Amino acid sequence: MAVQIHETAQLLKKKCVPCEGGVPRLTLEESKQQLEKLEGWTLTEDGLRIRKQWQVKNFMAGMEFFNKIAQLAEDEGHHPDLHLSSYRNVAIEIWTHAIGGLSENDFILAAKIDEIPVALRT
Ligand SMILES: C[C@H](O)[C@H](O)[C@H]1CNC2=NC(N)=NC(=O)C2=N1
């Protein structure tokens, strides 16, 4: 646990770097290693994206969460797929479009999303 907190903090210190391709995707092993630094994120079945789900308090809580994520995404120059269904089920997927898979950027963005306060269903 102590190691995980330290490694999450390392991710939080980083900033997404512009990616227009030309870098290799993370391997499955590398992706799993990165995932250990995060809480609640999983790999999609194809191993090419990371995903997390939340049940938020209500629709507006979801929209407020999305607005804060939108600002973060603009600041980072890296943008997640945001899903809101049945008015309060939030799911977020992140991947690096330019390489059709995962890069460190995705894990940096995920760590920063986890820092955003969100009103959850109680
Ligand atoms: C150059 C700039 O970093 C790219 O156009 C960015 C913009 N936002 C992006 N967001 C995500 N999730 N993947 C990308 O590959 C991506 N590319």
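Structure report, in brief. Owing to the predicted nature of the structure, the values given are computational and were not obtained by experimental measurement. (Residues numbered from 1 in each chain as written. Predicted model: local features only at pLDDT ≥ 70, side-chain atom pairs only at ≥ 80, totals over all residues.)

**Section: the site of the ligand**
Taken together, Pro18, Cys19, Glu20, Gly77, His78, His79, Ile94, Trp95, Thr96, His97 and Ala98 make up the full set of residues adjacent to the ligand. For the shell around the ligand, the per-class residue count stands at five nonpolar, five polar and one charged. (Near = placed C-beta within 6 Å. Nonpolar A, V, L, I, M, F, W, Y, C, P; charged D, E, K, R; others polar.)

**A word on helix H4 (residues 104-113)**
Counting buried positions along H4 yields nine of 10 residues, so the element is predominantly enclosed. Within H4, burial applies to Asn105, Asp106, Phe107, Ile108, Leu109, Ala110, Ala111, Lys112 and Ile113. (Buried ≥ 20, exposed ≤ 12 C-beta atoms within 10 Å, placed from the backbone. Helix = DSSP H or I, 4+ residues; strand = E, 2+ residues; numbered from the N terminus.)

**Some details on the pairing of strand E3 (residues 81-85)**
Looking at chain direction, E3 and strand E4 (residues 89-94) are connected through five bridges and run antiparallel. Residue pairing for E4: Ser85 is matched across the bridge by Asn89. Adjacent in sequence and paired antiparallel, E3 and E4 are bridged by three residues, among which Ser86 carries a positive phi angle near 45 degrees. (Pairing = 2+ DSSP bridges.)

**As for the pairing of strand E2 (residues 50-55)**
Sheet analysis places strand E1 (residues 42-43) next to E2, joined by two bridges and oriented antiparallel. Bridge pairing in E2 places Thr42 opposite Arg51. Counted along the chain from E1 to the antiparallel partner E2, the turn is six residues long, and its residue Gly47 has a positive phi close to 75 degrees. Relative to E4, E2 runs antiparallel, the two sharing six bridges.

**Digging into the sheet that holds E3**
Strands sit in the order E1-E2-E4-E3 across an open sheet of four strands; the sheet is antiparallel. Edge positions in the sheet fall to E1 and E3, since each has one partner strand and no second.

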